[in-house]
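# A look at the structure
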Amino acid sequence: MKDYAEMVAFLDHWGCFQKIVFFLLCASIIPNGFGAFNLVFLTDVPDHHCFVPDLNLTGEWRKAIIPITVLNGKEELSKCSRYRLDIVQNLSVQGYIPGRDINLTDLEQEGCVDGWNYSKDIYLSTIVTEFDLVCSDKWKQPFTSTVFFVGVLFGSFFSGQLSDRYGRKPILFATMAAQTIFTFAQVFSTSWTVFVILLFFNGLGQISNFVAAFVLGAEVLTGNVRILYSSMGTCLGFAVGYILLPVTAYFLRDWKSLLMALSIPGLTYIPLWWLIPESPRWLLSQGRVEEAEAIIRKAAQWNKVQAPRVIFETYSVKEIKADKGQSSMLDLIRHSSIRITTLILCLVSFTMTTAYYSLSFNTAQLHTDPYISCFIAALVEVPAYISSWIALRYLPRRFSVTGTLILGSVPLFMIQLVPEDLFGLSLALEMVGKYAFTTGASLMFAYTTELFPTSLRNTAIGTTTTVSRTGSCISPFLLSLGAYLRYLPYITIGALGVATAFAALLLPESFKQPLPETIQQMHERQRMKCPCLKRTETSEPVVIPDSLL
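So, here's what we can say about the structure. (Residues numbered from 1 in each chain as written. Predicted model: local features only at pLDDT ≥ 70, side-chain atom pairs only at ≥ 80, totals over all residues. Heavy atoms only, no water.)

## Comments concerning the overall build of the protein chain
- Along the protein chain, the regular secondary structure elements total 23 helices and 6 strands.
- Within the protein chain, the fraction of its 549 residues that count as buried is 54%.
- Taking contacts inside the protein chain between residues at least 6 apart in sequence as the whole, the part at least 24 apart equals 80%.
- For the protein chain, the exposed surface amounts to about 24200 Å²; the carbon and sulfur share of it is 63%. (Helix = DSSP H or I, 4+ residues; strand = E, 2+ residues; numbered from the N terminus. Buried < 20%, exposed > 50% of the residue type's maximum accessible area, 1.4 Å probe, protein only. Contact = heavy atoms within 4.5 Å. Areas by Shrake-Rupley, 256 points an atom, 1.4 Å probe, with all protein chains shown as cover.)

## Details of the packing of aromatic side chains
- Applying the stated criterion across every chain yields a total of 32 aromatic pairs.
- Between Phe-37 and Phe-238 the ring centres are 6.3 Å apart and the planes differ by 75 degrees, which places this aromatic pair in the edge-to-face class. One end of the pair, Phe-37, is in helix α2 (residues 16-37); the other, Phe-238, is in helix α10 (residues 223-251), with 201 residues separating them in the sequence.
- Since its relative accessible area comes to 1%, Phe-37 is described here as buried.
- Here the aromatic residues Phe-37, Phe-148, Phe-149, Phe-210, Phe-214, Phe-238, Tyr-242, Tyr-356, Tyr-357 and Phe-361 are joined through ring pairs into a cluster of three or more.
- Stacked on the ring of Trp-273, the Lys or Arg Lys-169 has its end atom at 4.4 Å from the ring centre. (Phe/Tyr/Trp six-rings, centres within 6.5 Å; stacked < 30°, edge-to-face > 60°. Lys NZ or Arg CZ within 6 Å of the ring centre and 35° of its normal.)

## Some points on helix α19 (residues 397-414)
- With 18 residues, α19 should cover 26 Å at 1.5 Å per step; its first-to-last C-alpha distance of 27 Å lies within 8% of that length.
- Listing the buried residues of α19 in full gives Arg-397, Arg-398, Ser-400, Val-401, Thr-402, Thr-404, Leu-405, Gly-408, Ser-409, Pro-411 and Leu-412. (Expected span 1.5 Å × (residues − 1).)

## What about the state of the cysteines?
- Inspection of the entire model under this criterion finds 2 disulfides.
- Each sulfur of the disulfide joining Cys-50 and Cys-112 lies 1.8 Å from the other. Sign of the S-S torsion, about -65 degrees for the bond between Cys-50 and Cys-112, identifies this disulfide as left-handed. Of this pair, Cys-50 sits in strand β1 (residues 48-50) while Cys-112 sits in the loop between β5 (109-111) and β6 (116-118), placing them 62 residues apart in sequence.
- When its relative accessible area of 11% is taken as the criterion, Cys-112 is described as buried. (Disulfide = S-S within 2.5 Å.)

## A closer look at the nonpolar core
- Ranked by internal contacts, the top residues of the largest apolar core, which has 107 residues, are Phe-37, Phe-41, Phe-195, Phe-238 and Phe-312.
- Considering every element that reaches this core, the biggest residue donor is helix α9 (residues 192-220), with 13 residues.
- In this view, Phe-312 contacts Tyr-4, Met-7, Val-8, Leu-284, Val-289, Ala-292, Glu-293 and Ile-296; residues no more than four positions away in its chain are not counted.
- Judged by nonpolar contacts, the second largest core, of 31 residues, contains Ile-344, Phe-437, Ala-504 and Leu-507. (Core = buried A, V, L, I, M, F, W, Y, C linked by side-chain atoms within 4.5 Å.)

## Some remarks on the side chain of Ser-263
- On the secondary structure map, Ser-263 appears in helix α11 (residues 255-263).
- A polar atom in the side chain of Ser-263 sits 3.0 Å from the backbone oxygen of Met-260.
- In this structure, Ser-263 is in contact with Thr-180, Thr-183 and Phe-184, ignoring residues within four places of it in sequence. (Polar contact = N/O pair within 3.5 Å; in protein donor to acceptor, adjacent residues only side chain to side chain.)

Shown next, in the form of C-alpha cells:
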C-alpha cells in the first residue's frame, strides 16, 4: 500500500492550501502563550504590610507600629504582624517616643486583623491583593497555579481520546472556545474559590488546543513542511503569545483588565472553522475515504493542480476498519514494544515539562521588574525553537532528545559552583538550561507524532502530555525547595534530566521515515536493544527511501 504522503504528492508541499493551514493553525496557538504564563502576573505578590487604621497616632508611632524583620540578611517591614494597636494608641496618647522611651521588642504583636496595605509600584491589583492570599492564606498562591495545571492535565488526557474518536477539528475549536469563555468568566470572580474553579476549566482547554492543532497540522502537511510546522511553526506561535504577554501586562496592570484583554482575541478565531479542514489521515483511519478525497480535491483547487480520478485507490477500507477496531488507549500498554515506547516517552515528557516550567517561573523572578524578566524568558524560546527545527531537519531523534537533556542538566549542576558575586554567570547557566529544555520539549511533540500510528496518535500525545503535566503541577512546589537548600531545585532537575537521558536511548528511531499508518508499521520501527531485557520477538528493519520525505 502506498504511503499517504506519496498519494497526495501531486499537491506539492507548499501550495496555497498548505500555506493557509500552516499559518492559521500557528495563529490558533498564540493564545496558549498568553494562558500558560499569565499566572506570573495574576498571582504575583506585591510588597505588603498590615493596614493601620487612621487613628490619633503620632508620626513616630505610625512609622514604628510595623515590626522590623530580617530576611536573607536584609531588614524589612513585617508582612504579617504589627504591634497591638490598642497598646500603641495608649502609648502615643501618653507622649512616649518609640525606641527611646519604649523598647519595641517588649511590645506584644498581633496579626493583620484590619487587612493589608499593598504596594502599587508594579501592579494596581492581582488576585493576591484582591483575595488577600498572604500570610495564613499564602498557600493558596502556589496552589492556584497547581489547580490550573491539574486542569491542563485532565484536558490533555480526555482531549486526546475525544480527538481520536470525533476528529481533530471539532476538538480544536471546542478547546479554543473553552479557553476563551472561561478566561473571560474569571474576570467576574467574586471569591478565590470561584476563581480557581473557573481556572480549572480554563486549563482544560489550554494545552488541549495546542495538541489538537499540532496533530491536525502534522497530519495534513507532508515532507519538510510538516517538520517545519511540528518543530518551529507551532512553537513560535506559542512564543509569540508568550512574548506579547508581558507587553500587554505592562500596559494593563490590574488583573481584570489583563484577563479581559487576553480573552477577547479568541472571538477572532470563529471564521477559521470554514478555512481549516479536518485531517484526511484521520478520516482515512475511520474508513471515510470519500470525505478525505473531497478535502484533497479542494486542496488541489486551491493549489491549482489537477487531482487524479481516484486519489486513495490503494487504501483498503476493510483493512482500515479492521485496524480501527483494534485501536484504543489499551493499545498503548497491550503490546510490549508500544508499552516500552509509551512509558519512556512519558518519562522524557515529564522531565522536559518539569524543567521547562520550573525554570520559566523561576526566571520570571530573576529581575526586579517582572515584565522585563518575563520578556527575557520568552525571548530565549525563539532560538530554542529554531534549534529544534534544525535538529528535526538534520539530526536523528534519539540523539537530539538525549543531547538536550544532557545540555540542560549539566549547567544546573554547575550553578552551585558559581561564586555569589558572579550573578551574571549563574543567570547565563540557568538560561542555557532553559534553552535546552525548551528545545527538548519542542522536539518531543514531533517525535511522539512520528512514532505512533494515525489511530493512536492523538491518544498517545494526549497521554504523554497528561503525564508531563504532572511535572507542571509540582513545579511551583519544586521551586519552594529552595527555601530549605538554595540549589536543591537545580540539583533535583539536573539529576532527573541525566537519568532520563539514558532511558531515552532505548526509544525507536523515526528520522527520515514516514508517519506510521497502522500499529503493525509501528512495530517495525528500529530501537536500540537493552542488554538487560530479553526479547522474544524481532522484526527486520524497514528501509524507507529518503525521497518519501
